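# Structure assessment
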Amino acid sequence: MSILAVIFDLDGVLVHTDQYHYQAWKRMADEEGIVFEESAGDRLRGVSRMESLEVILEKSGRTYTNVEKEALAERKNGYYRELLEQLTPADAAPGSRELLAACTEQGIKVAIGSSSRNTPVILERLGLTHLFEAVADGNEIVNSKPDPEVFLLAAKKLAIDPKYCIVVEDAEAGLIAAKRAGMKTAATGTAIKSARADHHLHRLEELTAVIWG
Ligand code: BG6
Ligand code: MG
């Protein structure tokens, strides 16, 4: 299989921040008296902050103005940023540093493709920033996953044709985005059983067998 680049989703793949997203939304929803069930959590994976808010407001029973929505999203992000302060390099997913090093040593380019506007902060806290040749994140895109924009941007930054890229994802929205970008897919975490995945990773290190056989 000819793979020249790996594009990693961040939240839920390289770090457990998916749990922090859930906790921060839950705190905001509880304060607002909005029912927020754990089962809704998977629908927040991969989609932008404002789209996540729309999912949560479905259960609110009232309409919110755009100004109110901005305030709610801002409040949630404040709670989320508080949780991010706990992150240390030890929170990078098991095997992630070794996998990144193996790719780089073998000439496989590595990038981030994340919908999160907090990507730079998270990578810094994990001490991973310098390991990526390119970062494409929520600060640079108009359409978040399942739109392919963020992955196409990552491939462009790496100067690698999308067909030689493989995306590692924990979200259904991300797998759809990767397929639309014409890339191969490897699913992990909650998406591991997805039919959209070309490969299924119980541990990140298993990607080496996908790339090198
Ligand atoms: C994605 C998460 O990585 O980033 C989503 O999977 C989240 O749950 C999105 O909504 C946007 O994150 P942020 O950090 O910009 O609010
Ligand atoms: Mg994710």
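Residues numbered from 1 in each chain as written. Chains lettered and ligands numbered in written order. Predicted model: local features only at pLDDT ≥ 70, side-chain atom pairs only at ≥ 80, totals over all residues. Heavy atoms only, no water.

### Structural notes on the overall build of the protein
A tally of regular secondary structure across the protein gives 8 helices and 6 strands. The N-to-C order of helical and strand elements in the protein reads β-α-α-α-α-β-α-β-α-β-α-β-β-α. Over its C-alpha atoms the protein spans a radius of gyration of 17 Å, differing by no more than 12% from the 17 Å that the globule rule assigns to 213 residues. Expressed along its principal axes, the backbone C-alpha trace of the protein runs to roughly 50 × 35 × 30 Å. Within the protein, the proportion of its 213 residues that are buried is 52%. (Helix = DSSP H or I, 4+ residues; strand = E, 2+ residues; numbered from the N terminus. Rg over C-alpha atoms; globule rule 2.2 N^0.38 Å. Buried < 20%, exposed > 50% of the residue type's maximum accessible area, 1.4 Å probe, protein only.)

### A few points about the packing of aromatic side chains
Inspection of the entire model under this criterion finds 2 aromatic pairs. Aromatic pair Phe8 and Phe132: ring centres 6.3 Å apart, planes at 75 degrees, arrangement edge-to-face. Of this pair, Phe8 sits in strand β1 (residues 5-8) while Phe132 sits in the loop between α5 (119-126) and β3 (134-136); the two residues are 124 residues apart in sequence, bridging distant segments of the chain. For Phe132, a relative accessible area of 9% corresponds to the buried category. A centroid spacing of 5.1 Å and a plane angle of 35 degrees characterise the contact between Tyr22 and Phe36, whose relative ring orientation is tilted. Taken together, the residues span a long stretch of sequence, with Tyr22 in helix α1 (residues 17-32) and Phe36 in the loop between α1 and α2 (49-57) at a distance of 14 residues. When its relative accessible area of 5% is taken as the criterion, Phe36 is described as buried. Sitting over the ring of Tyr79, Arg27 keeps its end group 3.7 Å from the ring centre. Over the face of the ring belonging to Tyr80 we find Lys76, whose NZ or CZ atom lies 4.5 Å from the ring centre. (Phe/Tyr/Trp six-rings, centres within 6.5 Å; stacked < 30°, edge-to-face > 60°. Lys NZ or Arg CZ within 6 Å of the ring centre and 35° of its normal.)

### Overview of the domain arrangement of the protein
Split by domain assignment, the protein resolves into domain 1 (5-16 + 90-212) and domain 2 (18-84). For domain 1 and domain 2, the distance between their C-alpha centres works out to 24 Å. Contact with domain 1, which involves 16 residues of that partner, is made by 15 residues of domain 2. Summed over both sides, the interface of domain 1 with domain 2 buries roughly 1,300 Å², with 48% coming from carbon and sulfur. Counting the contacts that link domain 1 with domain 2 gives 1 salt bridge. Its salt-bridge partner being Asp170, residue Arg45 comes within 2.8 Å of it at the nearest N-O pair. (Domains from an automatic or database assignment. Contact = heavy atoms within 4.5 Å. Buried area = accessible area lost by both parts, 1.4 Å probe. Salt bridge = Lys/Arg side-chain N within 4 Å of Asp/Glu carboxyl O.)

### A closer look at the coordination of the magnesium ion (ligand 2)
Bound to the magnesium ion (ligand 2) on the protein side are Asp9 (OD), Asp11 (O) and Asp170 (OD), at distances that span 2.0 to 2.1 Å. All donors to the magnesium ion (ligand 2) come from one chain, and their sequence spacing reads D-x1-D-x158-D. (Donors = N, O, S within 2.8 Å, 3.2 Å for Na, K, Ca; no water.)

### Overview of the site of ligand 1
Near ligand 1 lie 15 residues; those nearest to it are Asp11, Leu44, Ser116, Arg117 and Asn118. In this structure, an oxygen atom belonging to ligand 1 sits 2.6 Å away from a side-chain N or O atom of Asp11. Within the backbone of Arg117, an N or O atom sits 2.7 Å from an oxygen atom of ligand 1. Residues that form the shell around ligand 1 fall into these classes: 3 nonpolar, 8 polar and 4 charged. Structurally, the shell around ligand 1 is a two-domain feature, drawing no fewer than three residues from each of domain 1 (5-16 + 90-212) and domain 2 (18-84). (Near = heavy atom within 4 Å. Polar contact = N/O pair within 3.5 Å; in protein donor to acceptor, adjacent residues only side chain to side chain. Nonpolar A, V, L, I, M, F, W, Y, C, P; charged D, E, K, R; others polar.)

### Considering helix α7 (residues 172-180)
Along α7, the residues classified as buried are Ala173, Gly174, Leu175, Ala177 and Ala178. On its buried side, α7 packs onto α6 (149-158), β4 (165-169) and β5 (184-187).

### Looking at the pairing of strand β2 (residues 109-113)
Here β2 lies mainly inside the structure; 4 of its 5 residues are buried. Bridging between β1 and β2 involves 4 bridges; their strand directions are parallel. Within β2, the position partnered with Ala5 by the bridge is Lys109. In this structure, β2 lies alongside β3, joined through 3 bridges in parallel fashion. From the neighbouring strand, Ala111 faces β3, where its bridge partner is Ala134. This β-α-β element, β2 to α5 to β3, shows right-handed connectivity. (Pairing = 2+ DSSP bridges. Right-handed = clockwise from strand over helix to strand, strands pointing away.)

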